[in-house]
Amino acid sequence: MKQREIEELAIRVLQYLSQLPDDVELSTAEAVEQVDISAAQKLEFEDWFTLNRLIWDKSGIYGLKLDDSKYEDQVVGLLHHIPYVVKHKKGPLV
């Protein structure tokens, strides 16, 4: 998948995450499947890492805090399959 397509998908996933209530737990792979199952099927192995990083890096812009501390220091799988808890930041967006 092209970089621009990955960036656009990241924005759509962040928009989806921002509509979820606090304390929903899901992974990037699960969120992508909810947003666009066909895009999920087109992503190459390396694309998942790029997409996951974009989502985490831009989450603050969308007023989100993604908390994966439950899995800290554990080897549980690929980054895009590790669940995180979605929280909405209070106050001004970063």
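Residues numbered from 1 in each chain as written. Predicted model: local features only at pLDDT ≥ 70, side-chain atom pairs only at ≥ 80, totals over all residues. Heavy atoms only, no water.

Chemist: Quick question: what am I supposed to make of the nonpolar core here?
Modeler: Note that soluble globular proteins tend to have their nonpolar side chains buried in a common cluster. If you look at the biggest cluster of nonpolar residues, it comprises 22 residues, and the most contacted ones within it are Leu17, Val32, Leu51, Ile55 and Val86. At the level of secondary structure, the elements contributing two or more residues to this core comprise α1 (3-19), α2 (28-35), α3 (37-42), α4 (45-58), β2 (64-67) and β3 (84-88). Examining the composition of this core, we find that 6 residues originate from one element, α1, more than from any other. In this view, leucine 51 contacts Ile6, Leu9, Ala10, Thr28, Val32 and Leu43; residues no more than four positions away in its chain are not counted. (Core = buried A, V, L, I, M, F, W, Y, C linked by side-chain atoms within 4.5 Å. Buried < 20%, exposed > 50% of the residue type's maximum accessible area, 1.4 Å probe, protein only. Helix = DSSP H or I, 4+ residues; strand = E, 2+ residues; numbered from the N terminus. Contact = heavy atoms within 4.5 Å.)

Chemist: I'm lost on the environment of tryptophan 56 in this one. Help?
Modeler: Relative to the elements of secondary structure, tryptophan 56 occurs in helix α4. The class for tryptophan 56 is partly exposed, based on a relative accessible area of 22%. Measuring from C-alpha to C-alpha, the distance between tryptophan 56 and aspartate 73 comes to 18 Å, with 17 residues separating the pair along the chain. Apart from the residues lying within four places of it in its own chain, the contact partners of tryptophan 56 are Thr28, Leu66, Asp67, Asp68 and Tyr84.

Chemist: What's the story with the pattern of salt bridges in this structure? I'm lost.
Modeler: Think of it this way: side chains of opposite charge can pair up when their charged atoms draw near. As enumerated under the stated definition, the model contains 5 salt bridges in all. Between aspartate 36 and arginine 12 there is a salt bridge whose closest N-O contact spans 2.9 Å. Taken together, the positions of aspartate 36 in the loop between α2 and α3 and arginine 12 in helix α1 put the pair 24 residues apart, joining distant regions of the chain. Where aspartate 57 meets arginine 53, a salt bridge forms, and the shortest distance between an N and an O atom there is 3.2 Å. In this pair, aspartate 57 and arginine 53 both sit in helix α4, 4 residues apart, roughly one turn of the helix. (Salt bridge = Lys/Arg side-chain N within 4 Å of Asp/Glu carboxyl O.)

Chemist: Looking at this structure, how should I read the sheet that holds β3?
Modeler: Strand pairing in a sheet takes place through backbone hydrogen bonds and is either antiparallel or parallel in direction. Taken in spatial order, the 3 strands of this open sheet run β1-β3-β2, and their pairing is antiparallel. Bordering the open sheet on either side are β1 (24-26) and β2, each of which pairs with just one other strand. Geometrically, the sheet is characterised by an average inter-axis angle of 30 degrees between neighbouring strands, direction not taken into account. In this sheet, β3 lies alongside β2 in antiparallel orientation, the contact comprising 4 bridges. Within β3, the residue paired with lysine 65 across the bridge is lysine 87. (Pairing = 2+ DSSP bridges. Axes fitted to C-alpha atoms, helices over the stretch in contact; angles between N-to-C directions.)

Chemist: Would you explain the packing of α1 against α2 in this entry?
Modeler: Relative placement of two packed helices is described by the angle separating their axes and the distance separating the axes. One way to put it is that α1 packs onto α2 with a least axis distance of 9 Å and a crossing angle of 95 degrees. For the element pair α1 / α2, the angle class is roughly perpendicular. When α1 is examined against α2, the residues Leu9, Arg12, Val13, Tyr16 and Leu17 are found in contact with a partner set consisting of Ala31, Val32, Gln34 and Val35. Considered class by class, the residues forming the contact of α1 with α2 number 7 nonpolar, 1 polar and 1 charged. (Parallel < 35°, antiparallel > 145°, perpendicular 65-115°, else oblique. Nonpolar A, V, L, I, M, F, W, Y, C, P; charged D, E, K, R; others polar.)

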